[in-house]
Amino acid sequence: MRILVTGATGGVGRYVVDQLLSAGVRVRALTRDPARASLPPGVEVVQGDLSVPDGLAPAFKDVDGLHLFPVEETAREVVGLAREAGVRRVADLSAAAVTIGLYESPTEKAIEESGLEWTHVRPAEFMTNRLHLWGPDIRARRVVRYPFPDETGVPVHEADIAAVSVAALLEDRLLGRALTLTGPAPISAREQVRAIGDALGEDVRLEEVSREEALRLMRAQGGFAAENAEFLLGYQDYTGEDGAGEDGLSDQDYSALTRPWPDVEEATGRPALDFARWARDHADDFR
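Cut-offs used in this document
- Residues numbered from 1 in each chain as written.
- Predicted model: local features only at pLDDT ≥ 70, side-chain atom pairs only at ≥ 80, totals over all residues.
- Heavy atoms only, no water.
- Buried < 20%, exposed > 50% of the residue type's maximum accessible area, 1.4 Å probe, protein only.
- Helix = DSSP H or I, 4+ residues; strand = E, 2+ residues; numbered from the N terminus.
- Contact = heavy atoms within 4.5 Å.
- Core = buried A, V, L, I, M, F, W, Y, C linked by side-chain atoms within 4.5 Å.
- Expected span 1.5 Å × (residues − 1).
- Polar contact = N/O pair within 3.5 Å; in protein donor to acceptor, adjacent residues only side chain to side chain.

A. Summary view of helix α2 (residues 75-85). If you check which residues of α2 are buried, you get Ala75, Val78, Val79, Gly80 and Ala82. On its buried side, α2 packs onto β4 (65-68) and α4 (106-114). At the exit of α2 stands glycine 86, carrying a positive phi of roughly 95 degrees.

B. Layout of the nonpolar core. In this structure, Val5, Val16, Leu20, Ile161, Val164 and Leu181 are the most contacted members of the largest nonpolar core, which totals 30 residues. For this core, the leading source of residues is helix α6 (residues 158-170), giving seven residues. Not counting the four nearest positions on each side in its chain, leucine 181 is found in contact with Val121, Arg122, Pro123, Ala124, Val156, Asp160, Ile161, Val164, Asp263 and Val264. Grouped together as the second largest cluster of nonpolar side chains are 29 residues, Tyr146, Ile187, Ala214 and Ala279 included.

C. Quick look at helix α7 (residues 189-200). With twelve residues, α7 should cover 16 Å at 1.5 Å per step; its first-to-last C-alpha distance of 17 Å lies within 8% of that length. Regarding α7, the residues found buried are Ala189, Gln192, Val193, Ala195, Ile196, Gly197, Ala199 and Leu200. On its buried face, α7 is in contact with α5 (129-141), β7 (143-146), β10 (187-188), β11 (205-208), α11 (275-281) and α12 (283-286). Positive backbone phi, approximately 70 degrees, marks glycine 201, located one or two places after α7.

D. Broad picture of the side chain of arginine 2. As for its position among the elements, arginine 2 is in strand β1 (residues 2-5). Among the residues examined, arginine 2 registers a relative accessible area of 15% and is labelled buried. One polar contact links the side chain of arginine 2 to the main-chain carbonyl oxygen of aspartate 62, over a distance of 3.0 Å. Arginine 2 has contacts with Arg26, Arg28, Glu44, Asp62, Val63, Asp64 and Gly65, leaving out every residue within four places of it along the chain.

Structure (structure tokens):
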């Protein structure tokens, strides 16, 4: 069996690659820059860009399954190339927002209409978002400046997202299902900061700031924080429209995503990894 992993150098994709290798599966990894991929020995690294489907056909040759990172604009063309090449099964990285009706995924629709075997992997918030948002301040000042210290969520470890995708690609029991992935229990921002401090063995202070100040800080930070500031702070809803509530959530009902779902445990046979484990896994990234 050979699996093609797209988004192979991303936070989830790297775990997918590692877990497939551990399962004894041949892995082909698609990346825009193979020279900088730094993937493990034994991985067949091929060049390609999902946003430019022309030229991708060779990447699908002799591939049995596909871990698909979503690029909505070209999803139908990419899935078509997979089908024409004889790929049998796809597990796509989607979003829990689809589960609760906030969003319709063109990628999911293209896959379902393709005739391929499929499993939709729909994670809630990634735990690793905290590294992108809080990492610079923690590394520089051991502080987190955030407007919603007691806001709770059920973020999911990227290793669990990968584990569900791998199970979907290697086992038949998850076919035709949409799996909503969360962490094992609700956890507040304050508790997350404490867990990061415990992982570092140092005090990390949480400084509550206004939503407006947080927006300014995130825009100044650049990168992921700046690109997602309006959404993460509630100035925009999931579609990018204005009108979200002042508590950082839109006016729509998010209650379904503030409780744990059982799908990680059902797919993997073990409980979802908690935030303390994630913080320990990434302690060096915060130093």
